[in-house]
Structure formats: structure tokens, C-alpha cells
Amino acid sequence: MTLTIATNRKAYRDYIFLEVFECGIELKGSEVKAIRAGKINLNDSYARVENNQVVLYNTHISPYEEASYLNVEPTRPRRLLLHRKQIKKLSGEVAQKGFTLVPLKVYFNARGFAKLELALCKGKRLYDRREDIKRREADLAIRRAMKSRRS
């Protein structure tokens, strides 16, 4: 059972996902409580491979009110926990082909650990977005027609 806390809806609109990874996030104690309260924002966040580590940038975790002096900076870089083989694969693909690492959603797994879904993706062109809109509108029209025939 997973409990989804936040999703990056902008990423679903702007990118084509080639591969999706589940990774852990290195967090401080007050950040975990803030995430449980739903105070996380993934908009405009991205990840980068640096020194054989994957680092998450621009993710805003609001300070937990009851933590007082133990709070940390809301947009600090956070290390993502992946296997070494996965990091090497990601660093090669991001460097050579110009792909981007974008977080899709944050959730708690069955064991209670905070996990992040990270996608290796490529930016959509304007005409790709238009095709998606046309496809959605056609599906909606089909569903409406099917619903009107049933009644």
C-alpha cells in the first residue's frame, strides 16, 4: 500500500517519460513530518548527477511548525538514493543524449519510507502537446457518444 503525497502534474504535461525509477530521499527528521503533512511542492524541481550521486534541486518542503530550531532550508539540495548501476546508467544517458531527470511523485511505501518516483525524460515539442490535446478531446467525445447510446 502506498500513500501518494504529491505529484508533479507539470511534468506529465511537458515531458515524454522514457524510464521511471523509484528512489529514496535523504531527509532530516522535521522534513519527514512536513511531507507527511503534505507540505511539499515538486513544481520546477529537477535532479542532476554529480560526483556519482543523484541530487534533487528546487523541491520545496515547507518547515514543520513544531520543529522550532531543528528546521532546515526549504529548498536545499537533497540526495537521492539509487543503486550504483542505476546512477551510472542515468549519468551516461543524461550526458550524451541530453535527457532530463524529473521527479514525478512523492509517496510513502508500505514500510513507511518516503520514496520519490524519478523519470528519465525528454521535453515535448509544441506539436506533441497539441496531439495529446486532440487525442484527449477525441476520447472524451467517444465516451460521451457511448454514454448517450446507453441511456
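Scroll up to find the structure this text is about.
Given the structure is predicted, the values throughout are model-derived calculations rather than measurements.

Chemist: Is there a simple way to explain the overall build of the protein chain in this structure?
Modeler: Within the protein chain, the secondary structure is distributed over 4 helices and 9 strands. N-terminal to C-terminal, the α/β element order of the protein chain is β-α-β-α-β-β-β-β-β-α-β-β-α. Its C-alpha atoms give the protein chain a radius of gyration of 19 Å, more than 25% over the compact-globule value 15 Å for 151 residues. Taking the principal axes of its C-alpha atoms as reference, the protein chain extends roughly 60 × 40 × 25 Å. For the protein chain, buried positions account for 34% of its 151 residues. Restricting the contact set of the protein chain to residue pairs at least 6 apart, pairs at least 24 apart contribute 68%. Split by element, the accessible area of the protein chain, about 10200 Å² in all, is 49% carbon and sulfur.

Chemist: Quick question: what am I supposed to make of unusual backbone geometry here?
Modeler: Generally, phi is negative for residues other than glycine and the peptide bonds are trans, each holding for most cases. With a phi close to 65°, D44 is a non-glycine residue in the positive phi region. Summarising the element assignment, D44 is placed in the loop between β3 (40-41) and β4 (46-50). Even without being a glycine, N52 presents a positive backbone phi close to 60°. Along the polypeptide, N52 turns up in the loop between β4 and β5 (53-57). Look at N52 and you get exposed, because its relative accessible area is 63%.

Chemist: Got a minute to help me understand the packing of aromatic side chains in this structure?
Modeler: The relative placement of two aromatic rings is captured by the distance of their centres and the angle of their planes. Evaluated as defined, the whole model comprises 2 aromatic pairs. Ring geometry for Y12 against F17: centres 5.3 Å apart, planes inclined by 90°, an arrangement best described as edge-to-face. When its relative accessible area of 27% is taken as the criterion, F17 is described as partly exposed. A ring pair is formed by Y46 and Y57, whose centres lie 5.5 Å apart and whose planes are at 25°; its orientation type is stacked. Here Y46 is found in strand β4, whereas its partner Y57 is found in strand β5, with 11 residues between them in sequence. For Y57, a relative accessible area of 16% gives the class buried. Across from the ring centre of F108, 4.0 Å away, lies the NZ or CZ of R36, which sits over that ring.

Chemist: Sorry, what's going on with the pattern of salt bridges here?
Modeler: A side chain with one charge can pair with a side chain of the opposite charge if their charged atoms come near. One pass over the full model with this rule turns up 9 salt bridges. Salt-bridge contacts for R79 lead to E26; the nearest nitrogen and oxygen are separated by 3.3 Å. Taken together, the residues span a long stretch of sequence, with R79 in strand β7 (residues 78-81) and E26 in the loop between β2 (15-25) and α2 (29-36) at a distance of 53 residues. For R79, a relative accessible area of 31% puts it in the partly exposed group. With a relative accessible area of 38%, E26 lands in the partly exposed category. Among the ionic pairs, K124 bridges to D132, the shortest N-O distance being 2.3 Å. Across the pair, D132 and K124 agree in class, each one buried. Each of E31, R76 and R78 takes part in salt bridges that share partners, so that together they form one network.

Chemist: When you look at the side chain of N8 in this model, what are you seeing that I'm missing?
Modeler: By secondary structure assignment, the location of N8 is in the loop between β1 (3-7) and α1 (9-14). Under the relative-accessibility criterion, N8 is labelled buried at 3%. In this structure the side chain of N8 is engaged in a polar contact, spanning 3.3 Å, whose partner is the backbone oxygen of L42. Apart from the residues lying within four places of it in its own chain, the contact partners of N8 are L42, N43, S45, V102, P103 and L104.

Analysis parameters
Residues numbered from 1 in each chain as written. Predicted model: local features only at pLDDT ≥ 70, side-chain atom pairs only at ≥ 80, totals over all residues. Heavy atoms only, no water. Helix = DSSP H or I, 4+ residues; strand = E, 2+ residues; numbered from the N terminus. Rg over C-alpha atoms; globule rule 2.2 N^0.38 Å. Buried < 20%, exposed > 50% of the residue type's maximum accessible area, 1.4 Å probe, protein only. Contact = heavy atoms within 4.5 Å. Areas by Shrake-Rupley, 256 points an atom, 1.4 Å probe, with all protein chains shown as cover. Phe/Tyr/Trp six-rings, centres within 6.5 Å; stacked < 30°, edge-to-face > 60°. Lys NZ or Arg CZ within 6 Å of the ring centre and 35° of its normal. Salt bridge = Lys/Arg side-chain N within 4 Å of Asp/Glu carboxyl O. Polar contact = N/O pair within 3.5 Å; in protein donor to acceptor, adjacent residues only side chain to side chain.

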